[in-house]
Amino acid sequence: MELGAAGPGVERHAAAVADAACELADAATGSTWSAGAVEDAVDAIDTLTEALAALGPEAAGTLAAVPAATAVLRRLLAGLPEDVAVMPAPRQGRPRRRGLGPGWKGMGASR
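Before going into details, it helps to say that this report is about the structure given with it.

### With respect to the pattern of salt bridges
Between side chains of opposite charge, a pair can form as their charged atoms come close.
Move 1: Throughout the structure, instances matching the rule amount to two salt bridges.
Move 2: Close ionic contact of R74 with D43 constitutes a salt bridge, the shortest N to O distance being 2.7 Å. Here R74, found in helix α4 (residues 66-78), pairs with D43, found in helix α2 (residues 35-53); they are 31 residues apart in sequence, far enough to count as distant.
Move 3: According to the relative accessible area criterion, R74 is buried, its value standing at 13%.
Move 4: A residue is classified by how much of its surface remains accessible, and D43, at 12% relative accessible area, is buried.
Move 5: In the salt-bridge network here, residues are joined through shared partners; they are D43, D46 and R74.

What follows is the structure in structure tokens.
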């Protein structure tokens, strides 16, 4: 797969996502997750999967199993039996944007 130059903001946003993912992985353990945090993380995985699948058919094929895996996480989070599928609502256009909650100061803010 050959890639050209990144579009405006793509490298900056990708770097911010990678940094945030590393910070989350460092902060999270099996006992520190809340239902809302899991839902947010799974939404992020789905959104990133969609964005990367836009690279082309090979990327989309490689990532095809991810929505099924995140659906299983959603089912587990909801406490539903194994035979009940939980899928996110199909997206129309741009992904839904949410605020980052109280206290968010941005990636570059000192703590």
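From this point, things continue past the structure.
### With respect to a nonpolar patch on the surface
Move 1: There is a patch of nonpolar side chains on the surface, built from M1, L3, L52 and L55 and spanning about 440 Å² of accessible area.
Move 2: Within the secondary structure, L3 is located in the segment before α1 (10-27).

### Considering α4
Move 1: Taking 1.5 Å per residue, 13 residues should reach 18 Å; α4 reaches 18 Å between its end C-alpha atoms and fits that length.
Move 2: Contacts made by the buried residues of α4 are with α2.
Move 3: Following α4 by one or two positions, G79 has its phi on the positive side, about 70°.

### Thoughts on empty space enclosed by the protein
Move 1: Scanning the entire structure with this criterion turns up one cavity of 30 Å³ or more.
Move 2: Space inside the largest cavity adds up to approximately 30 Å³.
Move 3: V38, E39, V42, D43, L73, R74 and L77 together form the lining of the largest cavity.
Move 4: Put simply, the parts of the chain that give the lining of the largest cavity at least two residues each are α2 and α4.
Move 5: Take the lining of the largest cavity: its biggest share by element is four residues, from α2.
Move 6: Of the residues belonging to the lining of the largest cavity, the class tally is four nonpolar, no polar and three charged.

Analysis parameters
- Residues numbered from 1 in each chain as written.
- Predicted model: local features only at pLDDT ≥ 70, side-chain atom pairs only at ≥ 80, totals over all residues.
- Heavy atoms only, no water.
- Salt bridge = Lys/Arg side-chain N within 4 Å of Asp/Glu carboxyl O.
- Helix = DSSP H or I, 4+ residues; strand = E, 2+ residues; numbered from the N terminus.
- Buried < 20%, exposed > 50% of the residue type's maximum accessible area, 1.4 Å probe, protein only.
- Patch = residues over 30% accessible without salt bridge, like charges linked within 9 Å, V, L, I, M, F, W, Y side chains within 5 Å.
- Areas by Shrake-Rupley, 256 points an atom, 1.4 Å probe, with all protein chains shown as cover.
- Expected span 1.5 Å × (residues − 1).
- Contact = heavy atoms within 4.5 Å.
- 1 Å grid on protein atoms, 1.4 Å probe; cavity = no way out; pocket = protein on both sides within 12 Å on 5 of 7 lines; lining within 4 Å.
- Points joined across faces, edges and corners; volume = space filled by probe spheres on them.
- Nonpolar A, V, L, I, M, F, W, Y, C, P; charged D, E, K, R; others polar.

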